[in-house]
Amino acid sequence: MSQSSKKMKAHERREHILSLLKQRGSPVTGSSLAEEMNVTRQVIVGDVSLLKARNEPIVATSQGYMYMTDVKEELAYQKTIVCQHGAEKTEEELNILVDHGVHVQDVVVEHPIYGDLTAQLRISNRRDVKKFIEQVNSTNASFLLELTGGIHTHTIAADSRDAIEEAVYALSEAGILMKN
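Here the structure is a predicted model, which is why all the values come from computation and not from measurement.

K.L.:
What is the right way to read the packing of helix H4 (residues 90–99) against helix H5 (residues 126–139) from this model?
P.N.:
Each pair of packed helices gets described by two things: the angle between the helix axes and the distance between those axes. Axis separation between H4 and H5 bottoms out at 9 Å; the angle between their running directions is 165°. Viewed along their axes, H4 and H5 adopt a mutual orientation that is roughly antiparallel. Where H4 crosses over H5, the handedness of that crossing is right-handed. Note on element contacts: H5 touches H4 through Arg126, Val129, Phe132 and Ile133, opposite Thr90, Glu91, Leu94, Asn95, Val98 and Asp99. A breakdown of the residues in the contact of H4 with H5 according to their chemical character gives five nonpolar, two polar and three charged.

Below, the structure written as structure tokens:
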């Protein structure tokens, strides 16, 4: 049911965004919300910011906006890893992780002014990796690792400890894992 045929009031649009995000279990891009509601993407960014200010649990991931419910699909094992590489190895890094059944929850860099900058990634398969890389390339955005000489951390998660250990070993073999 597209809302583009009639102009919504700002509060109606925000409630519609909230409703859509709650209904969908997958990320929704700001561009698709903007197109559906016949407004600019920047209007959607403002709407989502206002919803977040109301303590609505909305997160912006690399694939779009998500409403975070209390029911989390927690994986049994989590680990924080430290990586160092150039932007050109990002796709290889992410593919190594997902090929071992590991989910990449986030990326964190330590900025000298702002402290820790965290981006939710929620990448769990090669399709997610491809979409993420395409988004970066199509927007000419920079990877966060470019702010820190390639040093960054990821929170990774999997159903088994073995999957995480095997992925970490593969990253080390590829020269992506930062050495102690």
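So, next bit.
K.L.:
Would you take a moment to explain helix H1 (residues 10–23) for this structure?
P.N.:
Quick reminder: α-helices carry 3.6 residues per turn. Residues three or four places apart thus point the same way. End to end, H1 covers 20 Å across 14 residues, agreeing with the expected 20 Å (1.5 Å per residue, within 8%). Taken residue by residue, H1 has Arg13, Arg14, His16, Ile17, Leu18, Leu20 and Leu21 as its buried positions. Of the surrounding elements, those touching the buried residues of H1 are helix H2 (30–37), helix H3 (41–53), strand E1 (58–61) and strand E2 (64–67).

K.L.:
Even after reading the chapter, I still don't get the pattern of salt bridges, so can you show me in this structure?
P.N.:
A full pass over the atoms with the stated rule returns eight salt bridges. Residues Glu36 and Arg24 are paired through a salt bridge, measuring 4.0 Å at the closest nitrogen-oxygen approach. Of the two residues, Glu36 is situated in helix H2 and Arg24 in the loop between H1 and H2; the sequence distance between them amounts to 12 residues. According to the relative accessible area criterion, Glu36 is buried, its value standing at 17%.

K.L.:
Where do I start with a nonpolar patch on the surface in this structure?
P.N.:
On the surface, a nonpolar cluster with roughly 200 Å² of combined accessible area is contributed by Val82, Ile151 and Met178. Looking at the element boundaries, Val82 is found in strand E3 (residues 77–84). With a relative accessible area of 35%, Val82 lands in the partly exposed category.

K.L.:
Looking at this structure, how should I read the packing of aromatic side chains?
P.N.:
For any pair of aromatic rings, geometry is given as the distance between the ring centres together with the angle between the planes. Enumeration over the complete set of coordinates arrives at one aromatic pair. Geometrically, the ring pair formed by Phe132 and Phe143 is tilted, given 6.1 Å between the ring centres and 55° between the ring planes. Taken as a pair, Phe132 in helix H5 and Phe143 in the loop between H5 and strand E6 (151–158) lie far apart in primary sequence, 11 residues in all.

K.L.:
Which parts of the structure should I look at to understand the side chain of His154?
P.N.:
Looking at the element boundaries, His154 is found in strand E6. Within the structure, His154 has its side chain in polar contact with the side chain of His152 (distance 3.4 Å). Dropping the residues within four chain positions of it, His154 is found in contact with Lys79, Thr80, Ile81, Cys83, Glu93, Val104, Asp106, Val107 and Leu121.

K.L.:
So what exactly am I meant to see when it comes to the nonpolar core here?
P.N.:
General note: in soluble globular proteins, nonpolar side chains tend to be found buried as a group. Counting residues in each nonpolar core, the largest one holds 28 residues, and the members touching the most others are Ile81, Leu97, Val102, Ile123, Phe132, Ile156 and Leu171. Mapped by element, the contributors of at least two residues to this core are E3, H4, strand E4 (103–111), strand E5 (115–123), H5, E6 and helix H6 (161–173). Per element, the largest residue contribution to this core is six residues, and it comes from H6. Contact partners of Leu97, with chain neighbours within four places excluded, come to Ile81, Val102, Val104, Ile156, Ala167 and Leu171. If you look at the next biggest cluster of nonpolar residues, it comprises 16 residues, including Met37, Val48, Ile58 and Tyr67.

K.L.:
Looking at this structure, I do not really get the environment of Ile133. What am I missing?
P.N.:
Within the secondary structure, Ile133 sits in helix H5. Take Ile133: its relative accessible area is 11%, and that puts it in the buried class. Separated by 42 residues in sequence, Ile133 and Glu91 have C-alpha atoms that sit 6.9 Å apart.

K.L.:
I keep staring at the environment of Ala174 and nothing clicks. Help me out?
P.N.:
Among the secondary structure elements, Ala174 is positioned in the segment after H6. For the pair formed by Ala174 and Glu92, sequence separation is 82 residues and the distance between their alpha carbons is 8.8 Å. Those residues in contact with Ala174 that sit more than four places away from it in its chain are Lys89, Glu92 and Ile96.

Cut-off values and rules
Residues numbered from 1 in each chain as written. Predicted model: local features only at pLDDT ≥ 70, side-chain atom pairs only at ≥ 80, totals over all residues. Heavy atoms only, no water. Axes fitted to C-alpha atoms, helices over the stretch in contact; angles between N-to-C directions. Helix = DSSP H or I, 4+ residues; strand = E, 2+ residues; numbered from the N terminus. Parallel < 35°, antiparallel > 145°, perpendicular 65-115°, else oblique. Left-handed = near helix turned anticlockwise from the far one by under 90°. Contact = heavy atoms within 4.5 Å. Nonpolar A, V, L, I, M, F, W, Y, C, P; charged D, E, K, R; others polar. Expected span 1.5 Å × (residues − 1). Buried < 20%, exposed > 50% of the residue type's maximum accessible area, 1.4 Å probe, protein only. Salt bridge = Lys/Arg side-chain N within 4 Å of Asp/Glu carboxyl O. Patch = residues over 30% accessible without salt bridge, like charges linked within 9 Å, V, L, I, M, F, W, Y side chains within 5 Å. Areas by Shrake-Rupley, 256 points an atom, 1.4 Å probe, with all protein chains shown as cover. Phe/Tyr/Trp six-rings, centres within 6.5 Å; stacked < 30°, edge-to-face > 60°. Polar contact = N/O pair within 3.5 Å; in protein donor to acceptor, adjacent residues only side chain to side chain. Core = buried A, V, L, I, M, F, W, Y, C linked by side-chain atoms within 4.5 Å.

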